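Here is how the chains run, residue by residue.
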Amino acid sequence: MRWDPDAVVGVLVVLLGAGLITAGMVWKGRSVRPFAASRARSVAQRAYARDLQRAADHVIAAARRSAGEGEPAIVTVEAVMRMTEDRYGYAGVERRHAAAALRRRFEHGRCAADCVTDAYG
């Protein structure tokens, strides 16, 4: 009995496809789920800090745009908290975290020359 080369290739392709489907069903979503809860927490904490700093940058930029000629830009911690909740979808942003992010961005952006904030109080 002779084997047709096309039939052998077809059977191999079908077996390979069935193997991949089976492997996908067994390992469904494992690549997206974290392997360790501590790693998931650290990733979430880094994302939270990054989003707070981005919100602080947005609030500082908006305050600078809205300030008049020769007036200081007024940047509040509440504005950073609102921006973080509205733009990034966090349910509750702690005031001390928003104040710390605002202080970091305030010092990094050299805002002392043209901005006023309540983050230090």
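Everything numeric in this text was worked out from a predicted model, so none of it was measured.

Right, let's get into the nonpolar core. The tendency in soluble globular proteins is for nonpolar side chains to be buried as a group. In this structure, L52, V75, V77, V80, V93, A98 and L102 are the most contacted members of the largest nonpolar core, which totals 22 residues. Breaking this core down by element, the ones donating at least two residues are α2 (37-66), β1 (73-75), α3 (77-88) and α4 (95-108). Once residues lying within four places of it in the same chain are set aside, the contact partners of L52 are V80, T84, V93, H97, A98 and A101.

Time to look at α2. Its 30 residues give α2 an end-to-end C-alpha distance of 43 Å, which sits within 8% of 44 Å, the value for a rise of 1.5 Å per residue. Along α2, the residues that are buried comprise A47, Y48, D51, L52, A55, A56, V59, I60 and A63. The elements touched by buried residues of α2 are β1, α3 and α4.

Averaged over the protein chain, the pLDDT score is 87; the fraction of residues at 70 or greater is 93%. Ranking the helices and strands of the protein chain by mean pLDDT puts α3 first, with 94, and helix α1 (residues 5-26) last, with 87.

The next point concerns the pattern of salt bridges. Taken as a whole, this structure holds five salt bridges when the rule is applied. Note that R96 and E94 form a salt bridge whose closest N and O atoms lie 2.9 Å from each other. Judged by its relative accessible area of 56%, R96 is exposed. One salt-bridge network, held together by shared partners, links E78, R95 and D118.

Below, the discussion takes up the packing of aromatic side chains. Going through the model one piece at a time under the given rule, you end up with two aromatic pairs. A centroid spacing of 5.2 Å and a plane angle of 80° characterise the contact between Y48 and Y90, whose relative ring orientation is edge-to-face. Placement of the pair is Y48 in helix α2 and Y90 in the loop between α3 and α4, with a sequence separation of 42 residues. Given the relative accessible area of 22%, Y90 is considered partly exposed. Summarising the aromatic geometry, the rings of F106 and Y120 are spaced 6.0 Å apart at their centres and angled 70° between planes, so their arrangement reads as edge-to-face. Separated by 14 residues along the polypeptide, F106 in helix α4 and Y120 in the segment after β2 (115-117) bring together distant segments of the chain.

Calculation notes
- Residues numbered from 1 in each chain as written.
- Predicted model: local features only at pLDDT ≥ 70, side-chain atom pairs only at ≥ 80, totals over all residues.
- Heavy atoms only, no water.
- Core = buried A, V, L, I, M, F, W, Y, C linked by side-chain atoms within 4.5 Å.
- Buried < 20%, exposed > 50% of the residue type's maximum accessible area, 1.4 Å probe, protein only.
- Helix = DSSP H or I, 4+ residues; strand = E, 2+ residues; numbered from the N terminus.
- Contact = heavy atoms within 4.5 Å.
- Expected span 1.5 Å × (residues − 1).
- pLDDT = per-residue confidence, 0-100.
- Salt bridge = Lys/Arg side-chain N within 4 Å of Asp/Glu carboxyl O.
- Phe/Tyr/Trp six-rings, centres within 6.5 Å; stacked < 30°, edge-to-face > 60°.

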